[in-house]
Every structure is written in C-alpha cells, then in structure tokens.
Amino acid sequence: IWVGVLTWRQSSMGATDHVSAIVLGRCLTYTRNMHPELRNQDCKKILNTFTSAFVSKDPCNITKEDYQPLIDLVTQTVPCNKTLFWSRSKELAHQYSGIQKEMFTLEDTLLGYIADNLVWCGDPRTSEVKEEFCPYRNENCSSTATSVFWTVVSQKFAESACGTVYVMLNGSRTTAFSKASTFGSVEVFNLHPDRVHTLHAWVMHDIGGVERDSCLGSSIKELKSIVNQRNISFFCQDDYRPARFVQCVRHPEHPSCSVLM
Ligand code: AVW
C-alpha cells in the first residue's frame, strides 16, 4: 500500500538515493553559485564530516555529539534581523524567503540547504550511506540520523540569531504554535535573550481554507508567555501582507488579494 506514497523524498521508510552525491552537489551549488562569499568552503570535507556522523552507527541512536564536528566545521552567520523560523508552513516560508532574499530560513543556510528533504542513515554492519531503507522515527527509534541532524542544526541556527527574529506559523492548523514542534521545543529555547530582543510571529492562513487559529488564539498566547518569560518581546500579525502576496499568486481573484483588503 505504501508504495503509492513514496515520492523521491520517500518520507520516512525509504532513504533518498544518492544522498552523498546530492549533498556534494548542493554544497557546490550553494558555495560556488548561490553564495560565492562561501566559495572557500571545502565541500568534500563537509560531505565526509556529514557522513562520518552516522555511518557504521546504530541508525536509532545517533547523538547530538555525532554531528558536532559538522557544526564546528560549517560556520555561517546570518545577519541580524534576517532569521525566519517556520512551523507547519515550510513551503510558504521558502517561497517567501526565495523572493525576499535578505531573509534566511534554516534551509537558506548551507547546512539546511544540503539536507533539505533528504532521508539518510547508516548501518553498523557497513561503512556505506544506506541507499534504500532507513528506520522510522518512533518510540523505539527516537534518535535517527535525520531527526537528530535537524535538532542540532535548528539549535545552532537559533543560538546564532540576533536582533528581531521572525516565525511563520500556520493558522489553518488547530494550533498554530505547538510546543512539540522543533520551533517550540528547540528554537524558542535556544534564542539568546541578550542578542534577540523581539520575536515577531506571522500567522498565515491558507487562501480559501479554514481559519482555525490566529494571533488571538490560546496557542499564540502560550508562545507569547514563553517568549516574554525569556525576556524577549513578542509581536504577532495575522496574514502578514508580503507573505499573503506570495499566496495570492495562485489565487489572484480571491477577495483577500485585492488592494482594499
Ligand atoms: P514542522 P517544526 N527537511 O513543520 O517547528 C526535512 O512541524 O517541527 O515544523 N525535514 C525537516 C526540515 C527540512 N528542511 N526541517 C525540519 N525538518 C524535520 C527547522 C524536523 O524534524 C526550521 F528552522 C521537523 O520537526 C524551522 O524553524 C519536521 O521535519 C523548524 O525547524 C517538520 O516539522 C521547523 O520544524
């Protein structure tokens, strides 16, 4: 049955084919083409450091320390006021940052870019990157190579942020903010209050979809209280106009896309 849901990214059952080649290719594209200021980064070394974190290891017990050499190797600074977190709004956040190129989501940084949408793991019996099958993340297998990677790079991304930071949330879900998400469990708690003075949330609603949550809802109140307790100011805006314009490309006739709204 599940054959039907496997796309090239093969969500959780399948590993991505040719992970090493894709990571190396993306690293070269990013550092040579998209961000030439990083052209002296050694992509082969980045690839080797990446794969060393998980090859020949139990694919269910990867640790944050396994990825530390990679984090130490790839240092990239995002300018202050330009960090954009997202939760349940990946596509729109990336479309927005793709246009507003000053803004950086994690996947607009080198470490996020090389791994975006890939699934990978190792196997204690070989020194290869697995090419067809990686275990699901579940209660018996909580620390997969992929999930620990996202936790570690998200933590680093949040720790390095400064000034005003932004988060795009999805108000078409019942809870726009979830404490269980990476944003709610890792990123919020790794912002440095001495460097980050304000968190600005944009609660976006799908055009033509239901508005289940908003800046007035209890999940955003919870986020505000967590953030304020950390001595960071909090602002919230429903359907931030510049991001709404991006949504409007696909729905130009919708009333919320006209100038008067
Ligand atoms: P989510 P979260 N490619 O939509 O707040 C593949 O509920 O939990 O939002 N998988 C990924 C990627 C990616 N590019 N990024 C995260 N994941 C995993 C990183 C991860 O395990 C960014 F900076 C996550 O829990 C966002 O601010 C789940 O897929 C924030 O974390 C998507 O969860 C989004 O994570």
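In case you missed it, the structure is sitting above this.
Before going into details, it helps to say that this report is about the structure given with it. (Residues numbered from 1 in each chain as written. Predicted model: local features only at pLDDT ≥ 70, side-chain atom pairs only at ≥ 80, totals over all residues. Heavy atoms only, no water.)

Focus on the packing of aromatic side chains
Here is step 1 of the chain: Per the counting criterion, the structure on display carries 15 aromatic pairs.
Here is step 2 of the chain: Their ring planes at 80° and their centres at 6.1 Å tell us that Tyr96 and Tyr240 sit as a pair that is edge-to-face. Here Tyr96 is found in helix H4 (residues 90–99), whereas its partner Tyr240 is found in the loop between strand E4 (233–238) and helix H9 (241–248), with 144 residues between them in sequence. Each of the two residues, Tyr96 as well as Tyr240, counts as buried.
Here is step 3 of the chain: An aromatic cluster of three or more residues is present, and its members are Phe50, Phe54, Tyr67, Trp120, Phe149 and Trp150. (Phe/Tyr/Trp six-rings, centres within 6.5 Å; stacked < 30°, edge-to-face > 60°. Helix = DSSP H or I, 4+ residues; strand = E, 2+ residues; numbered from the N terminus. Buried < 20%, exposed > 50% of the residue type's maximum accessible area, 1.4 Å probe, protein only.)

What about the environment of Val74?
Here is step 1 of the chain: Along the polypeptide, Val74 turns up in the loop between helix H3 (64–73) and strand E1 (84–87).
Here is step 2 of the chain: Look at Val74 and you get buried, because its relative accessible area is 6%.
Here is step 3 of the chain: Each C-alpha atom, one on Val74 and one on Gln41, is 8.0 Å from the other, the two residues being 33 residues apart in sequence.
Here is step 4 of the chain: Excluding its chain neighbours within four sequence positions, the residues that come into contact with Val74 are Gln41, Ile46, Leu110 and Leu111. (Contact = heavy atoms within 4.5 Å.)

Details of the site of the ligand
Here is step 1 of the chain: Around the ligand lies a shell of 15 residues, among which Ser87, Arg88, Asp116, Thr182 and Glu187 are the nearest.
Here is step 2 of the chain: Within the side chain of Thr182, one N or O atom sits 2.7 Å away from an oxygen atom of the ligand.
Here is step 3 of the chain: Residue Phe183 places a main-chain N or O atom 2.9 Å away from an oxygen atom belonging to the ligand.
Here is step 4 of the chain: In isolation the ligand exposes 640 Å². Once the protein is present, 80% of that is buried.
Here is step 5 of the chain: A breakdown of the residues in the shell around the ligand according to their chemical character gives five nonpolar, five polar and five charged. (Near = heavy atom within 4 Å. Polar contact = N/O pair within 3.5 Å; in protein donor to acceptor, adjacent residues only side chain to side chain. Areas by Shrake-Rupley, 256 points an atom, 1.4 Å probe, with all protein chains shown as cover. Nonpolar A, V, L, I, M, F, W, Y, C, P; charged D, E, K, R; others polar.)

A look at the side chain of Thr198
Here is step 1 of the chain: One can find Thr198 in strand E3 (residues 196–204).
Here is step 2 of the chain: Polar side-chain contacts of Thr198 include one of 2.8 Å to the side chain of His197.
Here is step 3 of the chain: Ignoring anything within four residues of it in the chain, the contact list for Thr198 reads Gly163, Thr164, Val165, Ile232, Ser233 and Phe235.

Digging into the packing of helix H1 (residues 19–34) against helix H2 (residues 43–52)
Here is step 1 of the chain: Interaxial distance between H1 and H2 falls to 9 Å at its minimum, and their mutual angle equals 140°. One finds that H1 runs oblique with respect to H2. The element H1 and its partner H2 pack so that their crossing is right-handed. Contact residues: Val19, Ser20, Val23, Leu24, Cys27, Leu28, Thr31 and Arg32 in H1; Cys43, Lys44, Ile46, Leu47, Phe50 and Thr51 in H2.
Here is step 2 of the chain: Grouping the constituent residues of the contact of H1 with H2 by class yields nine nonpolar, three polar and two charged. (Axes fitted to C-alpha atoms, helices over the stretch in contact; angles between N-to-C directions. Parallel < 35°, antiparallel > 145°, perpendicular 65-115°, else oblique. Left-handed = near helix turned anticlockwise from the far one by under 90°.)

Details of the side chain of Asp213
Here is step 1 of the chain: With respect to the element layout, Asp213 can be found in the loop between E3 and helix H8 (218–229).
Here is step 2 of the chain: Lys221 is the oppositely charged side chain nearest to the buried, salt-bridge-free Asp213, at an N-O distance of 8.6 Å.
Here is step 3 of the chain: Beyond its immediate chain neighbours, meaning those up to four positions away, Asp213 contacts Gly171, Arg173, Thr174, Thr175, Ala176, Val203, His205, Ser218 and Ser219. (Lys, Arg positive; Asp, Glu negative; His and termini not counted. Salt bridge = Lys/Arg side-chain N within 4 Å of Asp/Glu carboxyl O.)

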